[in-house]
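A structural walkthrough
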Amino acid sequence: MQKALILMSVALGLSGCALMKHPSAATPEAAVARPVIGAGASAAALDQTTAAERAAAVAAKPAGGERALGAAVVALGNPAEQGLWVKSPLVVAPGKGRVVTQNGASVAVDLLPGSGAASLSLAAYRALGLGLTDLPEVTIYAE
């Protein structure tokens, strides 16, 4: 009888554990304790490139002998990764190039190999005048 009471007490105690929340669970209180980097910051505040760097990238003329790698729909890349770049499976080795939107806007970028969906840096999005939620189709060119 005593063993049965002990087993029943342990079972009830353990079943109550499922009702308790782990301190690392995503709750409003946990969100306050762990702020998101850049939360509430504007795109301009997150972009470390200067206006002069963006202007130079937009003004860069196509290099002779560049070749089209193909078209890709791009999403906004990780804002913590600074610079003017595009990551795409179309790129097989790092290099220099440019992306051109369907309306003809162009920006010089670093070409980075990627897998999955293509992404474009925050600075490149801003230089092209794209909205941060836009998913534009661009043509990627390599020098």
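Each remark here, short or long, concerns the structure printed above.
Residues numbered from 1 in each chain as written. Predicted model: local features only at pLDDT ≥ 70, side-chain atom pairs only at ≥ 80, totals over all residues. Heavy atoms only, no water.

**Observations regarding the overall build of the protein chain**
Note the following rule: Numbering of helices and strands runs from the N terminus, with a helix taken as a DSSP run of H or I at least four residues long and a strand as a DSSP run of E at least two residues long. Throughout, a contact is declared for two residues whenever any of their heavy atoms are within 4.5 Å. In short, Shrake-Rupley with a 1.4 Å probe defines the accessible areas, and a residue's cover is counted only from the protein chains shown.
For the protein chain, the count of helices and strands is 5 helices and 6 strands. For the protein chain, the N- to C-terminal ordering of α and β elements is α-α-α-α-β-β-β-β-β-α-β. Considering only residue pairs separated by 6 or more positions, the protein chain has 69% of its internal contacts joining residues 24 or more positions apart. Entry remark: accessible area of the protein chain is about 9,000 Å², with carbon and sulfur atoms responsible for 64%.

**Some remarks on the pairing of strand 6 (residues 137-142)**
Rules: Exposure categories follow from relative accessible area, calculated using a 1.4 Å probe and restricted to protein chains: below 20% of the type maximum is buried, above 50% is exposed, and the middle band is partly exposed. Only strands that DSSP links by at least two bridges are regarded as paired with each other.
Side chains Val138, Ile140 and Ala142 project from strand 6 onto a buried face, and the interleaved Glu137, Thr139 and Tyr141 project onto a face without burial. Summarising the sheet, strand 1 (residues 67-76) and strand 6 pair through 6 bridges and their orientation is antiparallel. Opposite Val73, over in strand 6, you have Glu137 as the bridge partner.

**Regarding the sheet that holds strand 2 (residues 85-88)**
Across a sheet, paired strands are connected by hydrogen bonds in the backbone, their directions being either parallel or antiparallel. Put simply, the rule is: Fitting a line to C-alpha atoms yields each axis, with helices limited to the stretch in contact; the angle taken between N-to-C directions then spans 0 to 180 degrees.
Strands sit in the order 1-5-2-4-3-6 around a closed barrel of 6 strands; the barrel is mixed. Ignoring which end each strand starts from, the neighbouring axes of this sheet average 40° apart. In this sheet, strand 4 (residues 106-113) lies alongside strand 3 (residues 95-101) in antiparallel orientation, the contact comprising 6 bridges. Bridging across to strand 4, Val99 finds its partner in Val107.

**Some remarks on the nonpolar core**
Note the following rule: Buried Ala, Val, Leu, Ile, Met, Phe, Trp, Tyr and Cys residues form a nonpolar core when they are joined through side-chain atoms within 4.5 Å.
If you look at the biggest cluster of nonpolar residues, it comprises 21 residues, and the most contacted ones within it are Leu84, Val86, Val99, Val107, Val109 and Leu120. Setting aside anything within four residues of it in sequence, one finds Leu120 in contact with Val74, Ala75, Leu76, Gly77, Trp85, Val86, Val99, Tyr125, Leu128 and Leu130.

**Looking at the packing of aromatic side chains**
Two aromatic rings are characterised by how far apart their centres lie and by the angle between their planes. Cut-off, in case you're wondering: Any two of the Phe, Tyr and Trp rings considered here, Trp counted by its six-membered ring, make a pair once their centres fall within 6.5 Å; the pair's planes then place it as stacked at under 30 degrees, edge-to-face at over 60, or tilted in between. Geometrically, a lysine NZ or arginine CZ counts as sitting over a ring once it is within 6 Å of the ring centre and also within 35 degrees of the ring normal.
Enumeration according to the criterion identifies 0 aromatic pairs in this entry. The ring of Trp85 has Lys87 sitting right over it, with the charged end atom 5.2 Å from the ring centre.

**Concerning the environment of Ala71**
Assignment of secondary structure puts Ala71 in strand 1. Along the sequence, Ala71 and Thr101 sit 30 residues apart, while their C-alpha atoms lie 9.5 Å from each other. Apart from the residues lying within four places of it in its own chain, the contact partners of Ala71 are Leu90, Glu137, Val138 and Thr139.

**Things to note about the side chain of Thr49**
Structurally, Thr49 can be placed in the loop between helix 3 (43-46) and helix 4 (51-59). For Thr49, the residues in contact, after removing those within four places along its chain, are Arg54, Gln82, Gly83 and Ala123.

**Let's talk about the pattern of salt bridges**
Rules: We count a salt bridge whenever a side-chain nitrogen from Lys or Arg sits within 4 Å of a carboxyl oxygen from Asp or Glu.
All chains considered together, the criterion is met by 3 salt bridges. A salt bridge links Glu66 to Arg98; its shortest N-O distance comes to 2.6 Å. Here Glu66 is found in the loop between helix 4 and strand 1, whereas its partner Arg98 is found in strand 3, with 32 residues between them in sequence. With relative accessibility at 15%, the residue Arg98 sits in the buried group. Note that Lys87 is salt-bridged to Glu81, the shortest N-O span being 2.7 Å. Looking at Glu81, the relative accessible area reads 31%, which means it is partly exposed.

Honestly, that's just the spatial picture; any functional story needs more than this.
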